[in-house]
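Tertiary structure, described
The chain contents come next:
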Amino acid sequence: MKNLIGNKQVSPFTEEGTEYNFYFGPSHPGSGNFGVKLRIDGERVLSARSDPGYLHRGFEKLMEYRIPMQNSVISDRVCVLEPLNWNLVHAEAVDELTGIEVPERAKYIRVLMAELSRLQSHLIWYGAMSIGLGFDTGFKMAFGYRDYILDLFELITGGRVYPVGYICPGGVRRDLPNGYEEKVMKVLTQIEDIIQKIEDFDNTVFASRTKGIGILELEDAIRLGATGPILRASGMKTDTRKDDPYEIYSELDFDIPVEQAGDAYARCMIREREMKESIKIINQVLERMPEGKVREPSKIMPPKRVRIPEGEVYIRNEVARGEGSIYMRSIGEKEPYRVKIRGPSFLHMIPVLEHLLKGAQIADIPAIYWSLNICPADMDR
Amino acid sequence: MGMIQTMEVLLNTLFSKPITVQFPREAIEIPEGYRGEQEYDIDNCISCGLCSQICPNKAIEMVEMPEEYKEKYPKKYPKIDLRKCCFCALCQDICPKKCLRMTKNVFLATPDPTTVVKKPMPKGGGAI
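Just so it is clear, the structure is predicted and the values come from calculations on it, not from any experiment. (Residues numbered from 1 in each chain as written. Chains lettered and ligands numbered in written order. Predicted model: local features only at pLDDT ≥ 70, side-chain atom pairs only at ≥ 80, totals over all residues.)

With respect to the overall build of chain B
Scanning chain B from terminus to terminus reveals three helices and five strands. Whereas a compact globule of 128 residues would reach a radius of gyration of roughly 14 Å, chain B reaches 22 Å, over 25% beyond that. Taken over the C-alpha atoms alone, chain B extends approximately 80 × 25 × 20 Å along its principal axes. In chain B, buried positions account for 20% of the 128 residues. Considering only residue pairs separated by 6 or more positions, chain B has 72% of its internal contacts joining residues 24 or more positions apart. (Helix = DSSP H or I, 4+ residues; strand = E, 2+ residues; numbered from the N terminus. Rg over C-alpha atoms; globule rule 2.2 N^0.38 Å. Buried ≥ 20, exposed ≤ 12 C-beta atoms within 10 Å, placed from the backbone. Contact = placed C-beta atoms within 7 Å.)

Listed below in C-alpha cells is the structure:
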C-alpha cells in the first residue's frame, strides 16, 4: 500500500508498524474547509503538510470582469466570518485609485462596522476553538451571543451574515437607521457579559488544554510571515491600525494587547483583550459620530459611465485575523486590470501551522489549529 | 471557578429564558430595509435597463412582454432569476424610478424551480 504525503510516495507504515498517515479535514466540522496531511508516529506528529484549494472560488479573476460597485459585493465572500472588514479593504483600495474624498460620517460608520465585525469574528474564534477542545457550552454560548451582533447587521445593512457591499467605494451604501445608538449600546453590554463568561472559563477548561501548546517563537513568527493577533501573542507590538492608520483610527484611543508566551493560551488572551479594545473603539465612535453625507457621489453611477483612473495601489488593513491587503491595478477601464488579495490566513495556515504541528500530540492538533484563528475562505479566495 | 460560583451559574441558567426562539411558532422580527424578495412595479418602469447592467450575478435580464400585454407594454422589462440573485439590493439603489424594491419576504424555498424566476407581469395579472 502506497500513499502520498507531500510530493513523495511513502509507505504508510514503517517496518515496526508505528508510523501512519492521518488526514485532518478537509470536509470535517473540526477543520473547516481545509485539510492537513499528517505523518504520525504513535501519538506524535512527525510532519504536517497543508492541503489548500478546497474552497477556491476565483475572486481575483471574477473581479477583473466587474465594476468596483459589483466587486464590493464579491469582496464580502473573501472571508465569510468577517465580511465587513474585507468590504473595507476593497473600498479603500478603490477610493485610493479614484481619489474620492470619503465623507467624515462614512468613515465613522466604516470603523463602527469593522469593529463590530471584528467582535463577532472573535466570538466565532472562541466558539470554534471551544468545540475543537470538546467544550460545547463555549461554542453554543459564543454563537448565541454573536447573533446579537448579527441582529445589528441586519438592522444596519439589511442582511445578517453578508452585508453585500455595505462598505462600498465612496462611503457606505446607506445611512444608519434611527435609534441605532441604543441598540449598539445594548449589544455591547451583552458582549461585555460574554467576555466575562469567557474569562470565567479561562482558568479551567482552556488553560489546561492550551498552556504551553503550540509555542510560536517571535523569531519564527516573523520568519514565517505571521501577522495580527498571532504575531502579537508571540511578543511583537504591531497593529496596522496604529502602524499605518487608515480611516479615523489615528484619532481613536486604544491599546495594542501583547503577550510574550507565544502559545495557544497567549493567543486566546490576545483575543479577549482585543474584544475589550474593540468595545472601547465603538464607544468612542458612537460618541463622536458626526452628521452629514454617507457616500460620495450619493447616487450609484451607471456602469457604463464608471472609469477607474490609471494607477496601482496596495492597501493593508488590520482585519480580525491579521493583516489583510489588496493590490489593485487599473489601466483606465471600468474594471480593474488586476486584483490581488492577500489574506492573513494563507501564511497562518501553511507555514505557521506546519511549523507548529511538527512534534505535537494528536490531541493537541485542534487546539493549535483553532488558536491560529484561521479562515479557509480567505486563504483560498 | 469555585463550587459556589458554579451553582450560581447553574441556577441562573436553569431559570433564565433560552437564547433561541421557537421557530416557526415565534420568530425574530425582520427590520425595515431588509433585503428579501424583490417587488416590481411595472407601471413606473422606464425600461432603462440599469438594474440588469449593475446586477453582479447577471440575474436580471431585460425581456419583452407576452403577446397579450405587448400593446400596453411595448418595451423590455426586467426578468429576475432569484436562483442567481445574491440580494445585494444594487438594483433597488440604482433604479431611477424606484420601481424595484426589496421586501421582507425570505420564504423563497420551493420545490418548483419555475416559480423562482420572476417574469415581468402587469399588476393583478399573476405576479410570477
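Okay, back to it.
Description of the overall build of chain A
Summing up its helical and strand segments, chain A has 13 helices and 10 strands in all. Taking 2.2 N^0.38 as the reference for a compact globule, 381 residues should give roughly 21 Å; the C-alpha atoms of chain A span a radius of gyration of 21 Å, in line with that estimate. When its C-alpha atoms are laid out on the principal axes, chain A stretches across 70 × 45 × 35 Å. A total of 381 residues make up chain A; the buried ones form 49% of that total. Pairs at least 24 apart in sequence give 70% of the contacts found in chain A among residues at least 6 apart.

Some remarks on the interface of chain B and chain A
Each partner contributes residues to the interface: chain B has 17 residues there, and chain A has 19 residues. Those elements that provide at least two residues to the side of chain B that touches chain A are α2 (50–54) and α3 (90–94) of chain B. Each residue belonging to the side of chain B that touches chain A can be placed in one class, and the counts come to 13 nonpolar, two polar and two charged. (Nonpolar A, V, L, I, M, F, W, Y, C, P; charged D, E, K, R; others polar.)

Details of the pairing of strand β5 (residues 44–51) of chain A
Where strand β4 (residues 35–41) of chain A meets β5(A), seven bridges bridge the pair, whose relative direction is antiparallel. Bridge assignment links A:Ile40 to a residue of β5(A), and that residue is A:Val45. (Pairing = 2+ DSSP bridges.)

Overview of the sheet that holds strand β3 (residues 19–24) of chain A
All names here are of chain A. Strand order in the open sheet formed by three strands is β3-β4-β5, and the pairing between neighbours is antiparallel. Lying at the two open borders of the sheet, with one neighbouring strand each, are β3 and β5. With strand direction ignored, the average angle separating the axes of adjacent strands in the sheet is 20°. As paired strands, β3 and β4 are joined by six bridges and run antiparallel to one another. Within the sheet, the bridge partner assigned to Tyr-23 lies in β4 and is Lys-37. The sheet contacts of helix α11 (residues 344–357) involve β4 and β5, and relative to β5 the element is tilted by about 170°. (Axes fitted to C-alpha atoms, helices over the stretch in contact; angles between N-to-C directions.)

Things to note about the sheet that holds strand β9 (residues 322–330) of chain A
All names here are of chain A. Reading across from one edge, β8-β9-β10 is the order of the three strands in this open sheet, with antiparallel pairing throughout. Only two strands of the sheet have a single partner each, and these edge strands are β8 (311–319) and β10 (338–342). Each strand of the sheet is rotated relative to its neighbour by a mean of 10°, with strand direction disregarded. Here five bridges tie β9 to β10, and the two strands are oriented antiparallel to one another. Within the sheet, the bridge partner assigned to Arg-329 lies in β10 and is Arg-338. Its contacts with the sheet place helix α3 (residues 83–98) against β8 and β9, and it is angled at close to 150° to β8.

Notes on the environment of A:Arg105
Residue and element names in this part refer to chain A. Looking at where Arg-105 falls in the secondary structure, it is placed in helix α4 (residues 104–132). Owing to 19 C-beta atoms within 10 Å, Arg-105 belongs among the partly exposed residues under this scheme. The sequence separation of Arg-105 and Leu-218 amounts to 113 residues, and the corresponding C-alpha distance is 39 Å. Excluding residues within four positions of it along the chain, Arg-105 makes contact with Pro-290, Glu-291, Gly-292, Lys-293 and Val-294.

Structural notes on the nonpolar core
Nonpolar side chains tend toward joint burial in soluble globular proteins. Residues A:Leu353, A:Leu357, B:Cys51, B:Ile54, B:Leu90 and B:Cys91 are the most contacted members of the largest nonpolar core, which totals 125 residues. With 15 residues, α4(A) is the single largest residue contributor to this core. Of the domains in this structure, domain 1 (3–51) and domain 2 (59–342) of chain A are the two that each give at least three residues to this core. Setting aside its immediate chain neighbours within four residues, A:Leu357 contacts A:Val36, A:Leu38, A:Val45, A:Ala48, A:Ile365 and A:Ile368. (Core = buried A, V, L, I, M, F, W, Y, C linked by C-beta atoms within 7 Å. Domains from an automatic or database assignment.)

Side note on the packing of α3(A) against α4(A)
Residues and elements named next belong to chain A. Packing of α3 against α4 brings their axes to within 7 Å, and their N-to-C directions diverge by 140°. Considering the angle they form, α3 stands oblique to α4. Counted together, Leu-84, Asn-85 and Leu-88 of α3 and Arg-110, Met-113, Ala-114, Ser-117 and Arg-118 of α4 form the full contact between these two elements. Grouping the constituent residues of the contact of α3 with α4 by class yields four nonpolar, two polar and two charged. (Parallel < 35°, antiparallel > 145°, perpendicular 65-115°, else oblique.)

So, the confidence of the model for chain B
All names here are of chain B. Summary statistics for chain B give a mean pLDDT of 84 and a share of 95% for residues scoring 70 or more. Taking the mean pLDDT of every element in chain B, the minimum, 83, falls on strand β5 (residues 117–118) and the maximum, 90, on α2. Here the complex is predicted with pTM 0.87, and the ipTM for its interfaces comes to 0.83. (pLDDT = per-residue confidence, 0-100.)

Some thoughts on helix α1 (residues 3–15) of chain B
Taking 1.5 Å of rise per residue, 13 residues should cover 18 Å, and α1(B) covers 19 Å from first to last C-alpha, within 8% of that figure. Of all the 13 residues making up α1(B), zero are buried; the element is thus mostly uncovered. (Expected span 1.5 Å × (residues − 1).)

Some thoughts on the packing of α4(A) against helix α10 (residues 264–288) of chain A
Residues and elements named next belong to chain A. The contact between α4 and α10 brings their axes to 9 Å, and the two run at 155°. Here α4 is positioned roughly antiparallel relative to α10, judged by the angle of their axes. Relative to α10, α4 is oriented so that their crossing is left-handed. Every residue of α10 that contacts α4 at Tyr-108, Val-111, Leu-112, Glu-115, Leu-116, Arg-118, Leu-119, His-122, Trp-125 and Tyr-126 is listed here: Arg-271, Glu-274, Met-275, Ser-278, Ile-281, Ile-282, Val-285 and Arg-288. The residue inventory of the contact of α4 with α10, partitioned by class, reads 11 nonpolar, two polar and five charged. (Left-handed = near helix turned anticlockwise from the far one by under 90°.)

Looking at unusual backbone geometry
Backbone torsion omega between A:Glu296 and A:Pro297 reads -5°, so that peptide bond is classified as cis. Following the sequence through the fold, A:Pro297 ends up in the loop between α10 and β8. Look at the link from B:Phe23 to B:Pro24: it is a cis peptide, with omega at 5°. Structurally, B:Pro24 can be placed in the loop between α1 and β1 (38–40). Within the chain, B:Ser47 stands out as a residue other than glycine whose phi angle is a positive 55°. Mapped onto the fold, B:Ser47 is located in the loop between β1 and α2. For B:Ser47, a count of 14 C-beta atoms within 10 Å corresponds to the partly exposed category. Positive phi values are uncommon outside glycine, yet B:Lys58 reaches one of about 55°.

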